[in-house]
Amino acid sequence: MTRAILALGSNIDPERNLPMAFSRLRRQPGITVLVQSSCYRSPAVGGTGPEFLNAAALIATRFDPAALREVLRGIEAAMGRVRSDDRNAPRPIDLDILFYEGFSGEVEGTRIPDPDVAKYAHLAVPAADVAPDWEYPGTGAVLKSIAAGFRNDIEVCMPTEITRSTGHYATEQGMEAVAGEVYDPEFEATVRGMLVQLGEDPTREGLARTPLRVAKAMDFLTSGYNGSLEDVVNNAIFESDADEMVLVKDVEFYSLCEHHMLPFFGKAHVAYLPNKKIIGLSKIARIVDLYARRLQVQERLTNQIADAVEEVLSPHGVAVVMEGSHFCMMMRGVQKQGSSMVTSAMRGGFRTSSLTRGEFLDLIRD
Ligand code: ZN
């Protein structure tokens, strides 16, 4: 894997297109997004056209520069970008390679490193966010010193909401479809293809906007991939001398099993033994959602929640018990409806002390 820095820019519906581009980069096989920049607002180059939102990503990739450029062009096309002779025409998304580790040269007429980095704030500043110590080859200058001269020329906008949101553009309220709405043409085409495979007519009235709704629903149901524990916890940890068990019972969860992509859902019970730190109760539910809104197996989900609580609180112990009903079993009749699967993760005091564990198990039994 080789590291590279990408520039992202959008001046058509950028509040939606920029997060979508990040989401597509994350989903792209062969690309791992390592760091995302804040989001910046800048005027269009040449001074005409709507303002841009700009960002950068530090990635690791198995593609060589030419193949990476092809992949980026593919993402642009899927998001409705049409390249024209007008270099400054408004665009839903622009994805460019600014730097590629160990490479200096031309890819189809475009220079890498991109010499515009030294000229424009909207490229230099986001790039310096993701790789401040990256050296501009041949100059000895690092990105943070190049960007330092531009800091006042560019405005940060909603850094966390735009580039690091959890399900920013697909929310519970947002799963409905409006006539003529364009959301994710490539994904929608895939769903349309599935409907055809099922012997359905995707043009009949009831199904016409189904691909759009499914694309939104799937984005929402997997929005946990776009979140981070840091953002979820976000300053909700408090000092405390309490040393009694803290228990949050009956946290509803909804997830998708990774084997069938069918729902499994139920209740999670999360307890910890505080070690000077406690967390807001609602944050436990947000941690559960962060890991549930992904393709999962219940065992891993249970362990990830326990790991997360351990990571943010360093408690004397963590216990997580989850009871889930799985559509893939219920609908096949393998399991009687209503019966559920129970998984648990016990750490620290809950593992070593049968008394503590017993107390927890009694409490969640009602
Ligand atoms: Zn399954």
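Residue positions within a chain follow its written sequence, with the count starting from 1. Only residues with pLDDT of at least 70 get local features here, since the model is predicted, and only at 80 or more are side-chain atom pairs given and counted; chain-wide, interface and lining totals rely on the full set of residues. To obtain the side-chain values, all non-hydrogen atoms of the structure were included, while hydrogens and water were left out.

Draft legend 1. Here's a closer look at the packing of helix H6 (residues 185-197) against helix H7 (residues 210-221). Axis angles are defined between N-to-C directions and span 0 to 180 degrees, where every axis is a line fitted to C-alpha atoms and, for a helix, only to the segment in contact. Runs of H or I in DSSP of at least four residues are treated as helices and runs of E of at least two as strands, each being numbered from the N terminus. Between H6 and H7, the least distance of the axes is 8 Å, while the angle of their chain directions is 120 degrees. In the packing of H6 onto H7, the handedness of the crossing is right-handed. Across the interface between the two elements, Phe187, Glu188, Val191, Arg192 and Leu195 from H6 touch Pro211, Leu212, Val214, Ala215 and Met218 from H7. The crossing is said to be left-handed when, going from far helix to near helix, the turn is anticlockwise and less than a right angle, and right-handed when the turn is clockwise. Contacts are residue-level and defined by heavy atoms, with any inter-residue pair within 4.5 Å sufficient.

Draft legend 2. Highlighting the pattern of salt bridges. By definition, a salt bridge exists where a carboxyl oxygen of Asp or Glu is found within 4 Å of a side-chain nitrogen of Lys or Arg. This structure, assessed with the given rule, holds 16 salt bridges. For arginine 16, the salt bridge identified is with aspartate 13, shortest N-O distance 3.1 Å. Through salt bridges with shared partners, a single network forms among Arg73, Glu76, Arg81, Arg91 and Asp94.

Draft legend 3. Region of the structure containing a negative patch on the surface. For patches, a residue must show more than 30% relative accessible area and have no salt bridge; joins then use 9 Å for like charges and 5 Å for nonpolar side chains, namely Val, Leu, Ile, Met, Phe, Trp and Tyr. Using a 1.4 Å probe, accessible areas were evaluated by the Shrake-Rupley method; residue-level cover was limited to the displayed protein chains. Counting rule applied: Lys, Arg positive; Asp, Glu negative; His and chain ends not counted. We put the charge of a Lys on NZ, of an Arg on CZ, of an Asp on CG and of a Glu on CD. A contiguous patch of negative charge, built from Glu239, Asp241, Asp243, Glu244 and Glu359, is present on the exposed surface. Along the chain, glutamate 239 turns up in strand E9 (residues 237-239).

Draft legend 4. Structural context of the packing of aromatic side chains. A pair of Phe, Tyr and Trp rings is counted when the ring centres sit within 6.5 Å of each other, with Trp represented by its six-membered ring. The angle between the planes then sorts it: under 30 degrees is stacked, over 60 is edge-to-face, the rest tilted. Counted according to the given criterion, the structure contains 7 aromatic pairs. Aromatic pair tyrosine 254 and phenylalanine 265: ring centres 6.1 Å apart, planes at 15 degrees, arrangement stacked. With tyrosine 254 in strand E10 (residues 246-257) and phenylalanine 265 in strand E11 (residues 263-273), the pair connects residues that are 11 residues apart, well separated along the chain. Residue classification places tyrosine 254 among the exposed positions, given a relative accessible area of 51%. One aromatic cluster is present, built from ring pairs that chain together Phe99, Trp134 and Tyr136. Only protein chains enter the area calculation, which uses a 1.4 Å probe; residues under 20% of their type maximum are buried, those over 50% are exposed, and those in between are partly exposed.

Draft legend 5. Looking closely at the coordination of the zinc ion. Donor criterion used throughout: N, O or S atom within 2.8 Å of the metal, extended to 3.2 Å for Na, K and Ca. Water excluded; incomplete-looking sites may result. Looking at the metal site, the zinc ion is ligated by Cys257 (SG), His260 (ND1) and Cys328 (SG), spaced 2.1 to 2.3 Å from it. Written as a sequence motif, the donor residues of the zinc ion are C-x2-H-x67-C. Of this pair, histidine 260 sits in the loop between E10 and E11 while cysteine 328 sits in helix H11 (residues 327-330), placing them 68 residues apart in sequence. What makes cysteine 328 buried here is its relative accessible area of 10%.

Draft legend 6. Expanded view of the confidence of the model for the protein chain. Per residue, pLDDT captures the predictor's confidence, and it can take any value from 0 to 100. Across the protein chain, pLDDT averages 87, with 91% of residues at or above 70. The low-confidence segment residues 159-173 (pLDDT under 50) makes 43 contacts with residues lying over four places distant or belonging to another chain.

Draft legend 7. Broad picture of the pairing of E10. Judged from the 9 bridges that link them, E10 and E11 form a sheet pairing that is antiparallel. Residue pairing in the sheet places valine 246 in a bridge with tyrosine 272 of E11. Hairpin remark: E10 followed by E11, antiparallel, with 5 residues in the connecting loop; positive phi at methionine 261, about 55 degrees. Here E10 pairs with strand E13 (residues 295-296) via 2 bridges, running parallel. Counterpart to cysteine 257 in the pairing with E13 is glutamine 296. DSSP bridges decide pairing: two strands pair if at least two such bridges lie between them.

Draft legend 8. Summary view of the nonpolar core. Among buried residues, the Ala, Val, Leu, Ile, Met, Phe, Trp, Tyr and Cys ones that are joined through side-chain atoms within 4.5 Å form a nonpolar core. By size, the foremost hydrophobic cluster in this structure holds 31 residues, and its most contacted members are Leu229, Phe253, Ile279, Ile287, Tyr291, Leu301 and Ile305. For this core, the elements supplying multiple residues, two or more each, are helix H8 (229-233), E10, E11, helix H9 (281-292), helix H10 (298-313) and strand E14 (317-326). If you tally residues by element for this core, the top one is H10, at 7 residues. Excluding anything up to four places from it in sequence, leucine 301 contacts Phe253, Ser255, Phe264, Val288, Tyr291, Ala292, Gln296 and Met322. In terms of nonpolar packing, the next biggest core, distinct from the first, is built from 28 residues, Leu8, Ile75, Met79 and Leu95 among them.

Draft legend 9. Layout of the environment of leucine 361. Position of leucine 361 relative to the elements: it lies in helix H13 (residues 354-364). Each C-alpha atom, one on leucine 361 and one on valine 321, is 8.9 Å from the other, the two residues being 40 residues apart in sequence. The residues touching leucine 361, leaving out its near neighbours within four places in the chain, are Val321 and Met346.

Draft legend 10. Representation of the sheet that holds E11. Strand order in the open sheet formed by 5 strands is E13-E10-E11-E14-E15, with mixed pairing between adjacent strands. Where the open sheet ends on each side, the last strands, each with one partner, are E13 and strand E15 (341-348). Strands E10, E11, E13, E14 and E15 of the sheet are contacted by H10, whose axis makes an angle of about 25 degrees with E15.

Draft legend 11. Fine view of unusual backbone geometry. Going from isoleucine 112 to proline 113, the amide bond is cis rather than trans, its omega being 0 degrees. With respect to the helices and strands, proline 113 occurs in the loop between strand E7 (110-112) and helix H3 (121-130). Not every positive phi belongs to a glycine, and glutamate 108 is a case in point at roughly 45 degrees. By relative accessible area, which is 54% here, glutamate 108 ends up exposed.

Draft legend 12. Molecular detail of the pairing of E14. The buried fraction of E14 amounts to 9 of the 10 residues, a majority that puts the element mostly inside the structure. The pairing of E11 with E14 spans 10 bridges and is classified as antiparallel. Note that in E14 the partner of valine 270 across the bridge is valine 320. In terms of strand pairing, E14 meets E15 through 8 bridges, oriented antiparallel. Considered in E15, the bridge of glycine 324 is made with methionine 341.

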